[in-house]
Amino acid sequence: DIGIDQSQMLVRWSAQGDFTDYRLNLPAGPSQAGQRLLTGGSRIVGALPAPLMNLIWTDASVWAMQYQGAGSGVFGFNPIAFGCGLVGKHAVAKQGSNVYWMSQSNFYVLCGGAPQVIPCSVWDVVFQDLNTADDPVSGRKYSDKCWAWANTPFNEIWFFFPRASTGATEPDFFVKYNTSQNVWDYGPLDRTAGINQS
């Protein structure tokens, strides 16, 4: 339960065996329900399961959430890095054990250790034309609709985004990163979803 009807930086988890019960103390004694208020941002944007942990992104940071057991507070939260938040909740993709994402001003990869900026030869094509205007209906930025997907058979990570220059309110352009050759490509393409190999 992330950022719903509560602080947008609060992570809550339910009692063991009942995903609808968030009470910290049950009549029979303590439960494994709990909560943690994260720092390093103004809202939680997205999350992704990764080996041995869950990754949680705010708009300005990335955190590791790891199970520790009932006697240790159930889950532990460790900041991985600040200044590398997620631009939109679907702007992250996993390829093998590596995790790739788009922030408000760079592309990142987490491949063990700290996140690294991916050198991007088409940086200005994306970040100087990203539509960051507010949607008058939802109040969210159009850049919240950015998304990513992995095309594993071809070693590619695709990032889609709406362009300011076209007034797009949905993703209408892509940049593609080949992870084996470290090469970028781009072009116009209207897409709002994709799937990796089954």
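Residues numbered from 1 in each chain as written. Predicted model: local features only at pLDDT ≥ 70, side-chain atom pairs only at ≥ 80, totals over all residues. Heavy atoms only, no water.

Asks: Mind showing me how you'd approach the overall build of the protein chain here?
Replies: Of regular secondary structure, the protein chain possesses one helix and 16 strands. Computed over its C-alpha atoms, the radius of gyration of the protein chain comes to 18 Å, within 12% of the 16 Å expected for a compact globule of 198 residues. The principal-axis extents of the C-alpha atoms in the protein chain amount to approximately 60 × 40 × 30 Å. Taken across its 198 residues, the protein chain has 44% of its residues classed as buried. Long-range contacts, defined here as pairs at least 24 residues apart, represent 42% of the contacts in the protein chain between residues at least 6 apart. (Helix = DSSP H or I, 4+ residues; strand = E, 2+ residues; numbered from the N terminus. Rg over C-alpha atoms; globule rule 2.2 N^0.38 Å. Buried < 20%, exposed > 50% of the residue type's maximum accessible area, 1.4 Å probe, protein only. Contact = heavy atoms within 4.5 Å.)

Asks: I would appreciate a short explanation of the pattern of salt bridges in the present structure.
Replies: Two side chains bearing opposite charge may form a pair once their charged atoms approach each other closely. This model, assessed by the stated rule, comprises seven salt bridges. K141 is paired through a salt bridge with D134; the nearest N and O atoms lie 3.3 Å apart. (Salt bridge = Lys/Arg side-chain N within 4 Å of Asp/Glu carboxyl O.)

Asks: In this structure, what is going on with the sheet that holds strand 8 (residues 74-82)? I would like to understand it.
Replies: Each strand in a sheet pairs with its neighbour through backbone hydrogen bonds, running either in the same direction (parallel) or in the opposite one (antiparallel). Reading across from one edge, 5-6-7-8 is the order of the four strands in this open sheet, with antiparallel pairing throughout. Strands at the two margins of the open sheet, each flanked by one partner only, are strand 5 (44-50) and strand 8. Along the sheet, successive strands turn relative to each other by an average axial angle of 25 degrees, direction set aside. Pairing geometry for strand 7 (residues 61-69) and strand 8, over eight bridges, is antiparallel. Paired with Y67 across the two strands is F75, which belongs to strand 8. (Pairing = 2+ DSSP bridges. Axes fitted to C-alpha atoms, helices over the stretch in contact; angles between N-to-C directions.)

Asks: Looking at this structure, how should I read the environment of N98?
Replies: Within the secondary structure, N98 is located in strand 10 (residues 98-102). The spatial distance from the C-alpha of N98 to the C-alpha of A50 is 9.0 Å, given a sequence separation of 48 residues. Contacts of N98, omitting those with residues within four sequence positions, involve A93, V109, L110 and C111.

Asks: I would appreciate a short explanation of the environment of S61 in the present structure.
Replies: Turning to its location among the elements, S61 is positioned in strand 7. Residue S61 is classed as buried on the basis of its relative accessible area, which comes to 0%. Distance in space between the C-alpha atoms of S61 and V126 is 21 Å, their sequence separation being 65 residues. Aside from chain neighbours lying at most four places away, what touches S61 is T39, G40, I56, A81, F82, C84 and G85. A distance of 3.2 Å separates a polar atom in the side chain of S61 from a polar atom in the side chain of W63. (Polar contact = N/O pair within 3.5 Å; in protein donor to acceptor, adjacent residues only side chain to side chain.)

Asks: Quick question: what am I supposed to make of the sheet that holds strand 11 (residues 107-110) here?
Replies: The sheet built from four strands is open, its strands ordered 9-10-11-12 with antiparallel pairing. One side of each edge strand has no neighbouring strand; the edge strands of this open sheet are strand 9 (92-95) and strand 12 (116-117).

Asks: What exactly am I supposed to notice about the packing of aromatic side chains here?
Replies: Any pair of aromatic rings gets described here by the distance separating the centres and the angle formed by the planes. Applying the stated criterion to the full structure yields 20 aromatic pairs. Between the aromatic rings of F107 and W184, the centroid separation amounts to 4.9 Å while the plane-to-plane angle is 40 degrees, which identifies the pairing as tilted. Taken together, the residues span a long stretch of sequence, with F107 in strand 11 and W184 in strand 16 (residues 183-188) at a distance of 77 residues. Each member of the pair, F107 as well as W184, carries the same accessibility label: buried. Seen in terms of ring centroids, F173 and Y186 are 6.0 Å apart; in terms of plane orientation they differ by 35 degrees. Their pairing is tilted. Within this pair, whereas F173 is found in strand 15 (residues 173-178), its partner Y186 is found in strand 16, the two being separated by 13 residues in sequence. Judged by relative accessible area, which is 44%, Y186 ranks as partly exposed. An aromatic cluster is present here, built from Y100, F107, W123, F127, F159, Y177 and W184 joined pairwise through their rings. Over the aromatic face of Y22 sits the side chain of R12, whose NZ or CZ is 4.3 Å from the ring centroid. (Phe/Tyr/Trp six-rings, centres within 6.5 Å; stacked < 30°, edge-to-face > 60°. Lys NZ or Arg CZ within 6 Å of the ring centre and 35° of its normal.)

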